[in-house]
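In case you want the letters, here they are:
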Amino acid sequence: MEEKSIDKNIIIDIPENPLRTITVEDLYEGEKYEFSKMGEKDLFKLLEASHDGLTDDQVSERREKFGRNQIEEKKTNPVLKFFSFMWNPLSWVMEIAAIVSIALSNGGGKPPNWQDFLGIILLLFVNSTISFIEERNAGNSVKVLQASLAPEAKTKRNGEWRVIEASDLVPGDIISLKLGDVVPADGRVITVYGRLTMDQAALTGESLPVKKEVGDEILSGAICKQGEAEVIVIGTGKYSFMGRTIGLLGNHDGTAHLQRVMGRIGLFCICWIVVFLLAQILVMYAGFRYEYRRGMNNLIVTLVGGVPTAMPTVLTVMLALGARQLSKQKAIVAHVSAIEELAAVTILCSDKTGTLTLNKLVIDKKNLKQYADVEPDDIIHYAAIASRTQHQDAIDTCITEAFGDIKKIREGIEELHFKPFNPTEKRTAITYRTLNDGKVHRISKGMSRSILELCTRDKTTQVIEQLEKDVDEFAERGLRSLAVAIEDVPSGIVDGEGNGFKLIGLLPIYDPPRADTKETIDRALELGVKVKMVTGDQLAIAKETGRRLGIGDNMFPSKVLKEGPPSNSGYQDIDDLILHADGFSGVYPEHKYEIVERLQNMGHVIAMTGDGVNDAPALKKANVGIAVADASDAARSAADIVLTEPGLSVVIEAILSARKIFQCMRNYSVYTSAMTVRLLVGYSILLFAFQFDFPSFMLLILTLLNNATMMTISKDRVQPSPYPTKWLLSDVFAHATVYGIYSSLSTVVFFIIIIKTSFFQDRFGVNKIQHRPSDDPNPGWNDPILNSIIYLQSSIMSHALIFITRSQTFFFLDRPSFMLIFSFTIAQIIATLIAVYANWGFANVGGCGWTWAGIVWIWNLIWFFPFDLIKFALAAYFEPRRKMAIEETLQPQPSTQEQRTRRRNMMAAEKESSLSVGRRSSAGSDEMVDTIEDSIVDAAAKYFAPHTRHLSTPHSQRHHLARMFAGQNDNLCRVSTDADDLKRFSLVQAHHASKLLKAQAERLESETTSV
């Protein structure tokens, strides 16, 4: 420990009660008080601090003067936020429709279409209200999760160390830092334990850790890479270096992945609208010579019918509720949009110790080896006597626990001398006296070679050969060996000569797998997720663990990443070996980073677990970084998901839940896109073929009821995909187009049968719909009753489609949630009552009666059942390719040339398809938007920010964190400081994913963390 005061030779005039007489502005903004240059005594005097910490009264006064230790986020005016939900490309289309209805839809001796105008405005306000309320609630849920991720700091108050929230720190506090901690506030080092180094690349651009000594200043956002220290806080919140920097930079708005998804779906719908809008203008005015007013009403139908106005709210609420669901399964989501990528994970790279295993050594009693006439239980007892009973290391702990009651280990004996373990002799030894007879004995335990060299009694060639054979056997099975020897001391003197050590036993020690790990790995394989073990342990231990867990033993040492595949392995290159290997041993942080990067370059979505400060590069590089329970601050800051419970089962449950959430999002996306196609195609065909003008006001009612129903889908019960799934919008649009066209055909065929045949009149006795003369106010087939019939048929068929898109089997075998059924039922009861009884002249609808309503329901049921067959046909086309890709990933054999070619083609197809532009590119690097389409999508996506802003914790925009942490590891780049980096690492940003639970034990890690 180093503790001294460094005289900075700066004379400072400090008044009495300085913190009461000096203003905050004078303290921080002038040059009079430079905390980094003044002497330690002056610093303590200025801050009215002591080495015993502040008192509670002092803390209260300073918090009132300096504020909380956090960067206040700019709050949006609620009114402006409400109206922001009306400012996106989808809402613009609705607003254009409103303008058309009130300003352009006139003439023909009629007043402007104020009913449609009011209806559209009402729909916009209803959607904004629902969005505002639902997303405020969802945002509150996310904030609750963020609160559980709140950073903590170990500080001395009232002379005692305690753990508090970092936001409660004030100038003058004494805080403690250890390996992996993120510095919570600006400070000056007052005490150092060992060599102290800080990683401050994001602050100063220095890529290598910087050594710090007593008297040096450290800045908030830096990371402790080595050693421990005590620090006095000199700047908090907006008065820290980071806080002042953020104040200068202002706000930075990024474009979230979900925004791009919504932007592209919106572009899909708008393209359909534009195509049919142009076609209708040409057909109505150039072909049919429609009156201006009549044509404008149809254009309003096209504008309103093609817009999925509820999409932004539904998708974002799904993610927010999903984050809350994951938290109940012991997985806190630091970056909510990571749920999308968690559902797409194809390979999980897991460390061994603590995740696959218990991180707790045990003795395999069944395989214990005896070399003398001593019982196995007695051998363990001897080893326990030669172990520490206090301040134990892992070996001592496992031996004493194997014995049982620690109080009985040395019962009846008196310790005379204990020799602790040291790396030179690699053994422990104890000399003790038995109280019943007063005799003195010695016991030694340690590495087999050290103990064998110590032994002189009964040391035959046979014993030596047997010991070496047993040690080799244990090593092949991944077991550590611990030998035990005993001797008597006839003289009874503590350091007297003994009668010679005698080897009595060899203890096999291993880190056992968790009870549920094998079952969990089997489940992961069933879900199409390949689990790779990435460990710092020896190859033999890794293989043995892999065999026990069912991962496999096709493992390689990390050196193959540089040397290439072994000559007899059959793998063509390193990429092929990494893809099919079951794991790697002797892995360092730079190896983890390279493994993740190479797998991403092959098109895979990677999840990586880690706990140490040096795991941060790989965690940030991975598509989904997972900080395991008790991970360091740095690892949690780099991770997307923080586990609160150890074990791999938590990760697999999180993947399963993420797939359910994603499935809900995909189901709705297919549904809402299909509705656009269905309404545009169906009504356009009726317009082009029969000059049928569907009432725009009825379409507004249909849309309003549809949106109300779809708000409940976020809580639907869904079956997760059996394979990893991600946003392939070509797949979504293909399903939507087929569903939409089929659904529109049900309306067109129904319309034709009604007007061209007497089928329904003959069978059910309903009145025939008559063609009206051209001088009628509603000419042609625009009969009010027919309008009601088509409205009801469209409403039922449209809303019912959700039961097809939400299921992967027959719709009646997959029970939906009660809320979805209830909302659908209420919506269709309202629609049926409107169709049966409404006589609204302004909307040109008349009550059709219950007979027609019954006919509509029966007709829709007949057309509804084949939907499942269409779904199965689409699945038969898309699913085999996905299944084949997963099977190729899971196989241990090298890839064939055909598989390699198919993999490249699939990657190219996915890239062109839609959104392989995830939050982190699976190709391993950020790609520039280089097409007109992508530019349009990116521009449109920014307007969905009000819907997605609450989904991200402030640290989400950290594109270069991995490289910042990596330093000079291999080919990883150095980092220079820029404005974005400074913003990303503000106090709030760097900490939002930090400590979740108080560490159960303070552990020292080496600078290079091994698993």
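Residues numbered from 1 in each chain as written. Predicted model: local features only at pLDDT ≥ 70, side-chain atom pairs only at ≥ 80, totals over all residues. Heavy atoms only, no water.

Caption draft 1: Expanded view of the overall build of the protein. Along its length, the protein carries 40 helices and 22 strands. Counting across all 1011 residues of the protein, residues that qualify as buried make up 57%. Sequence-distant contacts, at least 24 apart, represent 75% of the contacts inside the protein between residues at least 6 apart. (Helix = DSSP H or I, 4+ residues; strand = E, 2+ residues; numbered from the N terminus. Buried < 20%, exposed > 50% of the residue type's maximum accessible area, 1.4 Å probe, protein only. Contact = heavy atoms within 4.5 Å.)

Caption draft 2: A look at helix 20 (residues 539–549). By the burial criterion, the buried members of helix 20 are Ile541, Ala542, Glu544, Thr545, Gly546 and Leu549. Where helix 20 is buried, its residues contact helix 14 (352–356), strand 15 (480–489), helix 19 (517–526), strand 17 (530–534), strand 18 (555–557) and strand 19 (583–585). Positive phi shows up at Gly550, right after helix 20, with a value of about 85°.

Caption draft 3: Spotlight on the nonpolar core. Counting 149 residues, the largest nonpolar core has Tyr668, Phe750 and Tyr791 as the members making the most contacts within it. The element that contributes the greatest number of residues to this core is helix 26 (residues 648–690), accounting for 25 residues. When near neighbours in sequence (up to four residues on either side) are disregarded, Tyr791 contacts Phe694, Met698, Ile701, Leu702, Leu705, Ala831, Ile834 and Ala835. In this structure, Cys349, Val534, Val587 and Ala622 belong to the second largest nonpolar core, which totals 30 residues. (Core = buried A, V, L, I, M, F, W, Y, C linked by side-chain atoms within 4.5 Å.)

Caption draft 4: The arrangement of the pairing of strand 3 (residues 174–177) in detail. In this sheet, strand 3 lies alongside strand 1 (residues 152–157) in antiparallel orientation, the contact comprising three bridges. Residue pairing for strand 3: Thr155 is matched across the bridge by Ile175. (Pairing = 2+ DSSP bridges.)

Caption draft 5: Up close: the packing of helix 30 (residues 784–800) against helix 33 (residues 849–864). The contact between helix 30 and helix 33 brings their axes to 10 Å, and the two run at 35°. For helix 30 against helix 33, the interelement crossing comes out right-handed. Mapping the contact onto sequence places Ile789, Leu792, Gln793, Ile796, Met797 and Ala800 in helix 30 and Trp852, Ala853, Val856, Trp857, Trp859, Asn860, Trp863 and Phe864 in helix 33. (Axes fitted to C-alpha atoms, helices over the stretch in contact; angles between N-to-C directions. Left-handed = near helix turned anticlockwise from the far one by under 90°.)

Caption draft 6: Structural detail: the environment of Met38. Looking at the secondary structure, you find Met38 in the loop between helix 2 (24–29) and helix 3 (40–46). In sequence terms Met38 and Gly215 are 177 residues apart; their C-alpha atoms lie 9.2 Å from each other.

Caption draft 7: Layout of the sheet that holds strand 8 (residues 331–333). What the eight strands build is an open sheet, ordered 8-22-21-20-9-17-19-18; its pairing is mixed. Across the chains shown, the open sheet's two edge strands, defined by having one partner strand only, are strand 8 and strand 18. The average undirected angle you get between the axes of adjacent strands in this sheet is 20°. Alignment of strand 17 against strand 19, held across two bridges, turns out to be parallel. Each bridged residue has a counterpart across the sheet, and for Met533 the counterpart in strand 19 is Gly583. Those strands touched by helix 20 are strand 17, strand 18 and strand 19, and its axis lies near 165° from that of strand 18. Along the sheet, helix 26 makes contact with strand 8, strand 9 (347–350), strand 17, strand 21 (624–627) and strand 22 (641–643), crossing strand 9 at roughly 160°.

Caption draft 8: Representation of helix 12 (residues 311–328) within the structure. Relative to the 26 Å expected for 18 residues at 1.5 Å per residue, helix 12 spans 26 Å between its end C-alpha atoms, a close match to the ideal helical length. Counting buried residues in helix 12 gives 15 out of 18 residues, a clear majority hidden from the surface. Taken from the residues just after helix 12, Lys330 is the one with a positive phi, measuring 70°. (Expected span 1.5 Å × (residues − 1).)

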